[in-house]
Amino acid sequence: MEGFAVTPKRDCPHVRQLPLRQLPASLRYLSPCAECGDTNENWLCLTCFTHHCSRYVKGHAARHYDETRHPCSMSFADLSFWCYECDSYIEHHSLRAVTALASEAKFKEPPVGSLTFEAVITERNKELNISDCTSADAMLFKTCTHCTARISGAGCHSVAASRCVQCILELSAEVLGGVVLLSGCNEVRLDTKAIVVPVIILEDCFTVDVLLPKEWGTEEKYRGALCVTKCCSNVRLCIGERALTLDNTRSSSLVWTMNDNALQAVDVESYEKKHGAIKRISAPPAAAAPATVHRDEAETAPAACTAPPPPAAADTNYTGHGHSTEEEIKEFFDTPEDFEIKMKSLAELVKKSKYIVVYTGAGISTSASIPDYRGPKGVWTMQDKCAVSFSLQ
């Protein structure tokens, strides 16, 4: 039996033809096929955003392409993307907003960590002028796409952006809690407009520009200001007229500060041992007053969103994806004798079977040096070990 690996095409030219600016604000999981009504994890057309069944049901997704020539679709089964023109699975950074919405619809994933946000804003293709936002906790921009948000007035406690794509965030209001967090964002510009933001945290971000005043980290009012990066790529700090690209942010968690007018990096654990715990966005008090959001546009304030707490783990302070204890990470192997018996039983089953379906987990690939997720060298295990977690608590 021969196996093969699927390598998605990363230079599909048809992605740029997709009307992603017209992407709906939310997606519906298990929406019926537009032709036959089947609801078994259909495909979403990325041109007209209709749902059609797969080729393993009645093939209406492929027929829809034949009739309309709409090139790309997304599967709700595994959130993968297929281009009919390229006849290949595809990947592209501009599709991350679709993945975020589909994940939200399928898995009911909470915003960021386990935090309660009093003001939640989800928009597409908007210019938002937000003034006088007072919140007991934080303002969250969630899965916004192609937006510009200008926050001014009396200020808010803290600001967070989760899974936003191609957005500009301008802060001219004081951030009372002193923390700005960008998590899972792509192609985002954060402009602090010369205000004091002591802590800027970037998690799992790709292509981010952070605009800071030239006095950042040097003058007294900016003393102690820092930027924390965790598992990011292509991050720039634009301090005054200086644009500094941050290195080694892909696999490490680092604290970036100014020292003698030079940018310096140190790992998070070493920084916290010397200076104490880094400020984070925290949950509001039990008797928090409701948020008040005023927009210059005549729009309704977003509804409050409360994320449920994450499932309990072996370590109550642990917030990663991998296993948290040595006992959980231990691997078990059969003895040669047991292995031989099982292989003979498997061979007999194969001989007697007319049809064979093999259902495996990520661990089946480890013998080919492809990492699993939660093993000793798994993707999530190594990512969790790269530094202290900054998931909101």
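The secondary structure content of the chain amounts to six helices and 23 strands. Here the chain holds 393 residues, and 42% of them are scored as buried. Long-range pairs, those at least 24 residues apart, make up 45% of the contacts in the chain between residues at least 6 apart in sequence. For the chain, the exposed area adds up to about 21600 Å²; of that, 51% sits on carbon and sulfur atoms.

A separate point is the pairing of strand β18 (residues 233-239). Summarising burial for β18: five of the seven residues are buried, a large majority. As paired elements, β18 and strand β19 (residues 242-246) share five bridges and run antiparallel to each other. Of the residues in β19, the one forming a bridge with C238 is A243. Linkage of β18 to β19, two consecutive antiparallel strands, is achieved through a turn of two residues, within which G240 is found at a positive phi near 65 degrees.

When you tally the buried positions in strand β13 (residues 179-183), you get five out of five residues, the bulk of the element. Note: β13 against strand β15 (residues 199-203), five bridges, orientation parallel. Opposite S183, over in β15, you have E203 as the bridge partner.

In this section: the environment of M74. If you trace the backbone, M74 turns up in strand β3 (residues 72-75). The exposure class of M74 is buried, given its relative accessible area of 0%. It is 7.1 Å that separates the C-alpha atoms of M74 and L46, two residues lying 28 residues apart in sequence. Ignoring anything within four residues of it in the chain, the contact list for M74 reads N42, W43, L44, L46, L79, S80, F81, V98 and A102.

As enumerated under the stated definition, the model contains two cavities of 30 Å³ or more in all. As for the largest cavity, its lining consists of 13 residues, and the residues nearest its centre are F141, C164, C167, I168 and L169. Looking at the lining of the largest cavity, the elements that each hand over two or more residues are β10 (148-152) and β12 (165-171). It is β12 that provides the largest number of residues to the lining of the largest cavity, a total of three residues. Its volume calculated, the second largest cavity comes out at about 30 Å³. In terms of lining residues, the second largest cavity is bounded by W43, L44, C45, H52, A61, H64 and S73. At the level of elements, β1 (43-45) and α1 (60-68) are the ones that each hand at least two residues to the lining of the second largest cavity. Among the elements that make up the lining of the second largest cavity, the one with the highest residue count is β1 (three residues).

Within the structure shown, the criterion is met by zero disulfides. With no disulfide of its own, C144 lies closest to C164 among cysteine sulfurs, the gap being 4.5 Å. According to the relative accessible area criterion, C164 is buried, its value standing at 3%.

Its 12 residues give helix α2 (residues 96-107) an end-to-end C-alpha distance of 16 Å, which sits within 8% of 16 Å, the value for a rise of 1.5 Å per residue. Elements in contact with the buried residues of α2: β3, β4 (81-83) and β12.

What the five strands build is an open sheet, ordered β2-β1-β3-β4-β5; its pairing is antiparallel. The open sheet has two edge strands, β2 (51-52) and β5 (88-90), and neither has a second partner.

Turning to the confidence of the model for the chain, a few remarks are in order. In the predicted model, the chain carries a mean pLDDT of 75, and the fraction of residues at 70 or more is 69%. Overall, residues 282-321 carries pLDDT values under 50, and its contacts beyond four positions in sequence, including any with other chains, amount to 77 contacts. Below a pLDDT of 50 lies the segment residues 386-393, which in the model reaches 34 contacts outside its immediate sequence neighbourhood of four places, other chains included.

In a soluble, globular protein the nonpolar side chains are often hidden away together inside. In this structure, F141, L182, L202 and W216 are the most contacted members of the largest nonpolar core, which totals 43 residues. Beyond its immediate sequence surroundings of up to four residues, W216 is in contact with V197, Y222, A225, L226, C227, L237, I239, W256, M258 and L263. Residues F76, C83, A97 and V165 belong to the second largest nonpolar core, which totals 23 residues.

About the thresholds
- Residues numbered from 1 in each chain as written.
- Predicted model: local features only at pLDDT ≥ 70, side-chain atom pairs only at ≥ 80, totals over all residues.
- Heavy atoms only, no water.
- Helix = DSSP H or I, 4+ residues; strand = E, 2+ residues; numbered from the N terminus.
- Buried < 20%, exposed > 50% of the residue type's maximum accessible area, 1.4 Å probe, protein only.
- Contact = heavy atoms within 4.5 Å.
- Areas by Shrake-Rupley, 256 points an atom, 1.4 Å probe, with all protein chains shown as cover.
- Pairing = 2+ DSSP bridges.
- 1 Å grid on protein atoms, 1.4 Å probe; cavity = no way out; pocket = protein on both sides within 12 Å on 5 of 7 lines; lining within 4 Å.
- Points joined across faces, edges and corners; volume = space filled by probe spheres on them.
- Disulfide = S-S within 2.5 Å.
- Expected span 1.5 Å × (residues − 1).
- pLDDT = per-residue confidence, 0-100.
- Core = buried A, V, L, I, M, F, W, Y, C linked by side-chain atoms within 4.5 Å.

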